[in-house]
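Spelled out, the chains give:
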Amino acid sequence: MRGSLEIHYEVTPGDRPILLVHGFASNSTLSWVNTGWLTAVEEAGRGAITVDLRGHGQSTHLHDAERYSPQLMAGDLVVALDAAGVPADSPVDVIAYSMGCRVALALAEVAPKRVRRLVLGGVGTRELFAEWDPDAAEAFLTEGTTADDKLMQQTLTIAMSVPGNDPLALLACIRGMAGGPVTRAPDVPTLVAAGERDEVASDAEELAAQLGAEFVSIPKRHHFTAVSSRVFKQAALDFLS
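Since we're looking at a predicted model, the values are computed, not measured.

Novice: Let's hear about the packing of helix α6 (residues 134-143) against helix α7 (residues 150-160): which residues, and what values?
Specialist: Close contact between α6 and α7 brings their axes to 11 Å; oriented N to C, the two are set at 40 degrees. Where α6 crosses over α7, the two elements pack in a sense that is right-handed. The residues of α7 that touch α6, namely those facing Ala136, Ala137, Phe140 and Leu141, are Met152, Gln153, Leu156, Thr157 and Met160. For the contact of α6 with α7, the per-class residue count stands at seven nonpolar, two polar and no charged.

Next up, the structure:
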């Protein structure tokens, strides 16, 4: 609970818990349970903390764009870590995907002592929401109007196929997150991973260079399939070992 805002989190027992941060229009179950990540984390002997970002999953669905930003969502992660009983002087490893990477980078910026290592998946230097026409996104989400931006239409079509997703909350998230920089330089070891066919993260290797991070290409995967890859899981867990 953060004021009137409820942030849903779950803890999987185990040593050195990994914080898992999902992407836009997803939730912890879709991103980390259904894709086999929690199983992989447990098999590696690690615990996990999963969080539904504000506007997503079982957390509060806010409809005001000013309530969304990487920094605000990073603050929610700090609250979840505190609620999960993680001491402030015990930094955690973080695995994030897509939009969640912007939140994870903000966490490393606003609370650097909480982050030990970062794994960023499905992200490059592009800030996708800043490229979208928010009015076209609103028309698509609320009226079903066809969008000229085919990647936006594909993304929002998938978003609205997720049970429980709230179009007004997603629209507020798009507007609130748009325009902020993707690239920051957290003073923590970082791994960037992206599918070799990922149109959203086509320049992920460039982001890795800007962050001074390691880079892993995930063979034969695009943005919506890379998160479940065994190559991604193994690279991430090896990096965090």
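Novice: I'd love a proper account of the packing of α6 against helix α8 (residues 167-177), names of residues and values included.
Specialist: Interhelical geometry of α6 versus α8 gives an angle of 170 degrees and a closest axis separation of 10 Å. Our classification of the angle between α6 and α8 gives roughly antiparallel. The residues of α8 that touch α6, namely those facing Pro134, Asp135, Ala137, Glu138, Leu141 and Thr142, are Pro167, Leu168, Leu171, Ile174 and Arg175. Of the residues that constitute the contact of α6 with α8, the class distribution is seven nonpolar, one polar and three charged.

Novice: Break down α6 for me, with residues and values.
Specialist: Among all positions of α6, only Ala137, Ala139, Phe140 and Leu141 are buried. In this structure, the buried side of α6 is in contact with α7 and α8. Sitting at the amino-terminal end of α6 is Asp133, which places a side-chain oxygen 2.9 Å from the backbone nitrogen of Asp135. The first or second residue beyond α6 is Gly144, which carries a positive phi of 75 degrees.

Novice: Before we move on, could you go through the packing of aromatic side chains and cite the residues and values that matter?
Specialist: Considering all chains together, one arrives at five aromatic pairs under this definition. Each ring, one from Phe24 and one from Phe129, has its centre 5.0 Å from the other, and the planes form 70 degrees; the classification is edge-to-face. Taken together, the positions of Phe24 in the loop between β2 (15-21) and α1 (28-33) and Phe129 in helix α5 (residues 128-131) put the pair 105 residues apart, joining distant regions of the chain. Residue Phe24 is classed as buried on the basis of its relative accessible area, which comes to 13%. A relative accessible area of 7% means that Phe129 is categorised as buried. Taking NZ or CZ as reference, Arg117 lies 4.6 Å from the ring centre of Phe239, over its face.

Novice: So what about the sheet that holds strand β5 (residues 115-121)? Which residues, and what values?
Specialist: Pairing within the open sheet is mixed, and its seven strands lie in the order β1-β3-β2-β4-β5-β6-β7. Edge strands, defined here as strands with exactly one partner in the open sheet, are β1 (9-12) and β7 (214-218). Across the sheet, the axes of successive neighbouring strands diverge by a mean angle of 20 degrees, strand direction being ignored. Across five bridges, β2 lies against strand β3 (residues 46-51) in parallel orientation. The residue of β3 that forms the bridge with Val21 is Val51. Contacting β2, β4 (92-97) and β5, helix α4 (residues 99-110) runs over the sheet at an angle of about 160 degrees to β5.

The rules we used
Numbering of residues starts from 1 in every chain and runs along the sequence as written. Reporting of local features is limited, given that this is a predicted model, to residues whose pLDDT is at least 70; pairs of side-chain atoms are given and counted only at 80 or more, and all residues count toward the totals for whole chains, interfaces and linings. Excluding hydrogens and water, the side-chain values take into account all heavy atoms of the structure. To obtain each axis, a line is fitted to C-alpha atoms, and for helices this fit is confined to the stretch in contact; angles are then taken between N-to-C directions over 0 to 180 degrees. Numbering of helices and strands runs from the N terminus, with a helix taken as a DSSP run of H or I at least four residues long and a strand as a DSSP run of E at least two residues long. A crossing counts as left-handed when the near helix is turned anticlockwise from the far one by less than a right angle, and as right-handed when that turn is clockwise. Contacts are assigned to residue pairs that have any heavy atoms within 4.5 Å of one another. Nonpolar residues are Ala, Val, Leu, Ile, Met, Phe, Trp, Tyr, Cys and Pro. Charged residues are Asp, Glu, Lys and Arg, and all others, Gly as well, are polar. Oblique is the label for every angle not falling under 35 degrees (roughly parallel), over 145 degrees (roughly antiparallel), or within 65 to 115 degrees (roughly perpendicular). Under the scheme applied here, a residue whose accessible area is under 20% of the maximum for its type counts as buried, over 50% as exposed, and between as partly exposed, the area being computed with a 1.4 Å probe on protein chains only. For the purposes of these results, a polar contact is taken to be a pair of N or O atoms within 3.5 Å, where, inside protein, one atom must be able to donate a hydrogen and its partner to accept one; residues adjacent in sequence count only when each atom of the pair is a side-chain atom. Classification of ring pairs rests on two measures: the distance between centres of Phe, Tyr or Trp rings, Trp counted by its six-membered ring, which must be within 6.5 Å, and the angle between planes, read as stacked under 30 degrees, edge-to-face over 60 and tilted in between. In this scheme, the term charge over a ring applies when either NZ of a lysine or CZ of an arginine sits within 6 Å of the ring centre and within 35 degrees of the ring normal. The pairing criterion is simple: DSSP has to find at least two bridges between the two strands.

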